[in-house]
Amino acid sequence: MSSLSRRAFMALGGAAAIGTGLSWRRLSGLDIPGRNSDALSVCINGTAQDAAANQGLIDAFHKVHPDIPARITPVQGEDQSDFFAKVLTLVAAGTAPDVVMVATEGTQLFADRLAYPLDKFVMRDKADMQEYFDDVHPSLVESFMYQGHLYELPMDYNAANMFMSSKAMTMAGLDYPDMHWTWDDFHGYLKAMKKFATGSFRPFFWTNRLFGGIVPWLYTNDTSFIKPQRFTGGKWFWNQFYPKENQRSGGFRWTEPNAEDPKVVEAFEFMQELIAENLASSPVQGGGNELVSRFSEGVIGMTPAGGYWVEGLIEAGMKRTDYDAAYFPKGRTQQHQFGSTGYTIMKSSDKKDAAWEWIKFCSSLDGMRIVRRKPDSTAARRSWNTELYKNAGPRHWDIFYNTVDKFPTSAPIPAPPQEAAVESALIKNVTSAVTGSRTHVKVALKNL
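In the annotation of an unreviewed UniProt entry, the entry for the chain reads ABC transporter substrate-binding protein, and the organism field reads Acidipropionibacterium acidipropionici.

What follows is the structure in structure tokens.
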């Protein structure tokens, strides 16, 4: 069992007290069939149904590696932080999985405490891996570097783009925006929509969270609420696989507060102005399930989302022509925000070589065809992303991958090892900053 600091274990208190109906065996996963078998345990955030849906991936992996039994271990979390806490509980119980699917929000948490770097495996199989990296944008890979080491291979990602209702655009007489439209242009679009608004229609709707909340506005204003810095190192990787990317780093470093930066204040004041003019909603807490429904009903003009929304909108009954997606409007810059997911190998695993073969297979084009069958997330591979969206996405579906191709400075969600505390502090102060008078902004940012 890998070591776990007292502070890290105490952080599990919220998960350990999940409910009176959950026993330690259920929480630690000891009652899951096959938990203590010799099979490679691959942990995902999901249900038993999600695990069953991945049986095709297991079967395909077995055809390539008949000597490596593997199983999908589902651990259901209400959000990423809840999922990570439950995985930490498995580690503390001595039942850690071998491989875990980890989103950007948890990459540095796992890299700092629980994960095993992929460096030696990637370099050992560099001849095979070059094809993968040629198909994947370096910004996605850099987001999984930490202190000069690589901990995950990107499987999929989503940037915060701007989704817009075709009905609202037509009603207001608006054309699809220019690639480099600005905050002022965006402001003008909202005012045009408001002129024709009826009932509960809102020109702009957004949620209070790391992805698609205030952070995209900070990034497009060349700033963040945590000072954007980089770790040194990583040249071993960049020189081998992306020799022209000599500006890349050993990973993103988020250690210094930056909430009182004038450019941060400027972004918050812009959002405060939109709300004061009744052009935008107050930021709503939580995820996007309700948002999909409201957008499909035509009561929202524009809202931030990523390629993952396409499948949800299809299920909600929307046609490709009912909406479109554009790049985020430009402030001082047009750097976009994104989040990614990939598999990481646990330090505690005694099956690291087998775990690498799983990651290597899933990152292959054959594996990705099985993993990503629906347009419910932007594939990390350009080639497969085209297949996902060309017959299902909106008219400008190509922006989903072009967000990183056209804007290569785009960066991941700010997520240090203490991401849960960072996100909590942000969410706590955003609403008070952008609602009410302008004087609230600087007070809330000081608190942040």
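There's plenty left to go through after this.
*Asks:* Now, about the sheet that holds strand S8 (residues 161-165): what can you tell me, with residues and values included?
*Replies:* Spatial ordering of the open sheet is given by S9-S14-S8-S15, a layout of 4 strands whose pairing is mixed. Among the strands making up the open sheet, the edge pair consists of strand S9 (202-204) and strand S15 (323-326). When the angles between neighbouring strand axes are averaged without regard to direction, this sheet yields 25°. Contacting S8 and S15, helix H21 (residues 399-406) crosses the sheet at an angle of about 145° to S8.

*Asks:* Could you give me a rundown of the confidence of the model for the chain, with the residues and numbers involved?
*Replies:* When pLDDT drops low, the exact placement of atoms in the prediction is not to be read closely. Averaged over every residue, the pLDDT of the chain is 90; the share at 70 or more is 91%. Of the regions scoring below 50 in pLDDT, residues 1-36 engages in 48 contacts with residues more than four places distant in sequence or in other chains.

*Asks:* I'd like a rundown of the packing of helix H15 (residues 262-276) against helix H22 (residues 419-434), residues and numbers included.
*Replies:* Where H15 contacts H22, the two axes come as close as 8 Å, and the packing angle between them is 55°. It follows that H15 is oblique to H22 by the angle criterion. The residues of H22 that touch H15, namely those facing Phe 268, Met 271, Gln 272 and Ile 275, are Val 430, Ala 433 and Val 434. Residues of the contact of H15 with H22, tallied by class, amount to 6 nonpolar, 1 polar and no charged.

*Asks:* So what about the packing of aromatic side chains? Which residues, and what values?
*Replies:* All chains considered together, the criterion is met by 36 aromatic pairs. Residues Tyr 146 and Phe 231 carry aromatic rings whose centres are separated by 5.3 Å and whose planes lie at 80° to one another, so their mutual orientation is edge-to-face. Taken together, the residues Tyr 146 in strand S5 (residues 145-146) and Phe 231 in the loop between strand S11 (229-230) and helix H14 (235-241) connect sequence positions 85 residues apart. Like Phe 231, Tyr 146 is buried. Here the aromatic cluster, defined as three or more aromatic residues joined through ring pairs, consists of Trp 181, Trp 183, Phe 186, Tyr 189, Phe 204, Trp 217, Phe 270 and Phe 328. The ring of Tyr 116 has Lys 352 lying over it, and the distance from NZ or CZ to the ring centre is 5.1 Å.

*Asks:* Could you give me a rundown of the side chain of Arg 372, with the residues and numbers involved?
*Replies:* In this structure, Arg 372 sits in the loop between helix H19 (365-371) and strand S17 (378-379). Arg 372 gets classed as buried once you look at its relative accessible area, which sits at 12%. Engagement of the side chain of Arg 372 in a polar contact is seen with the side chain of Asp 156, the distance being 3.5 Å. Engagement of the side chain of Arg 372 in a polar contact is seen with the side chain of Asp 376, the distance being 3.1 Å.

*Asks:* Explain the nonpolar core to me, and be specific about the residues and the numbers.
*Replies:* Side chains that are nonpolar tend, in soluble globular proteins, to be buried together. Residues Phe 133, Leu 153, Phe 237, Tyr 343, Trp 358 and Ile 359 are the most contacted members of the largest nonpolar core, which totals 70 residues. Examining the composition of this core, we find that 7 residues originate from one element, helix H18 (residues 352-363), more than from any other. Among residues more than four places away in sequence, those in contact with Ile 359 are Val 99, Leu 118, Leu 153, Met 155, Tyr 343, Thr 344 and Ile 345.

*Asks:* So what about the pairing of S15? Which residues, and what values?
*Replies:* Burial along S15 is two-sided: Tyr 323 and Ala 325 facing one way and Asp 324 and Ala 326 facing the other are all buried. In this structure, S8 lies alongside S15, joined through 4 bridges in antiparallel fashion. Looking across to S15, one finds that Met 162 is bridged to Ala 326.

*Asks:* Talk me through the side chain of Thr 344; I want residue IDs and the actual numbers.
*Replies:* Tracing the backbone through its elements, the reader meets Thr 344 in strand S16 (residues 337-346). In this structure the side chain of Thr 344 is engaged in a polar contact, spanning 3.2 Å, whose partner is the backbone oxygen of Tyr 151. Setting aside its immediate chain neighbours within four residues, Thr 344 contacts Asp 98, Val 99, Val 100, Val 102, Phe 110, Ala 115, Tyr 151, Glu 152 and Ile 359.

*Asks:* Outline the state of the cysteines, supporting the account with residue identities and numerical values.
*Replies:* Considering all chains together, one arrives at 0 disulfides under this definition. You can see Cys 43 has no disulfide; the closest cysteine sulfur is in Cys 362, sitting 14 Å from it. Taking relative accessible area as the criterion, Cys 43 reaches 0% and is therefore assigned buried.

*Asks:* Kindly report on the layout of surface pockets, identifying the contributing residues and their values.
*Replies:* Taken as a whole, the largest pocket encloses approximately 2,200 Å³ of empty space. Lining the largest pocket are 50 residues; nearest its centre among them are Asn 45, Gln 80, Tyr 308, Thr 341 and Asp 376. Classifying every residue of the lining of the largest pocket gives 16 nonpolar, 20 polar and 14 charged.

*Asks:* Can you lay out the environment of Asp 134 for me, pointing to particular residues and giving the numbers?
*Replies:* Here Asp 134 lies in helix H9 (residues 126-134). With a relative accessible area of 51%, Asp 134 lands in the exposed category. When the C-alpha positions of Asp 134 and Leu 448 are compared, they lie 40 Å apart, and in sequence the two are 314 residues distant.

*Asks:* Outline helix H23 (residues 439-447), supporting the account with residue identities and numerical values.
*Replies:* Burial in H23 covers these residues: Val 441, Ala 444 and Leu 445. Projection of H23 onto a plane perpendicular to its axis shows the buried side chains occupying an angular sector of 100°, all on one side. Those residues of H23 that are exposed and angled more than 90 degrees off the buried face are Thr 439, Lys 442, Val 443, Lys 446 and Asn 447. Packing partners of the buried residues in H23 comprise H15 and H22.

Cut-off values and rules
- Residues numbered from 1 in each chain as written.
- Predicted model: local features only at pLDDT ≥ 70, side-chain atom pairs only at ≥ 80, totals over all residues.
- Heavy atoms only, no water.
- Pairing = 2+ DSSP bridges.
- Helix = DSSP H or I, 4+ residues; strand = E, 2+ residues; numbered from the N terminus.
- Axes fitted to C-alpha atoms, helices over the stretch in contact; angles between N-to-C directions.
- Contact = heavy atoms within 4.5 Å.
- pLDDT = per-residue confidence, 0-100.
- Parallel < 35°, antiparallel > 145°, perpendicular 65-115°, else oblique.
- Nonpolar A, V, L, I, M, F, W, Y, C, P; charged D, E, K, R; others polar.
- Phe/Tyr/Trp six-rings, centres within 6.5 Å; stacked < 30°, edge-to-face > 60°.
- Buried < 20%, exposed > 50% of the residue type's maximum accessible area, 1.4 Å probe, protein only.
- Lys NZ or Arg CZ within 6 Å of the ring centre and 35° of its normal.
- Polar contact = N/O pair within 3.5 Å; in protein donor to acceptor, adjacent residues only side chain to side chain.
- Core = buried A, V, L, I, M, F, W, Y, C linked by side-chain atoms within 4.5 Å.
- Disulfide = S-S within 2.5 Å.
- 1 Å grid on protein atoms, 1.4 Å probe; cavity = no way out; pocket = protein on both sides within 12 Å on 5 of 7 lines; lining within 4 Å.
- Points joined across faces, edges and corners; volume = space filled by probe spheres on them.
- Arc of directions from axis to C-beta.

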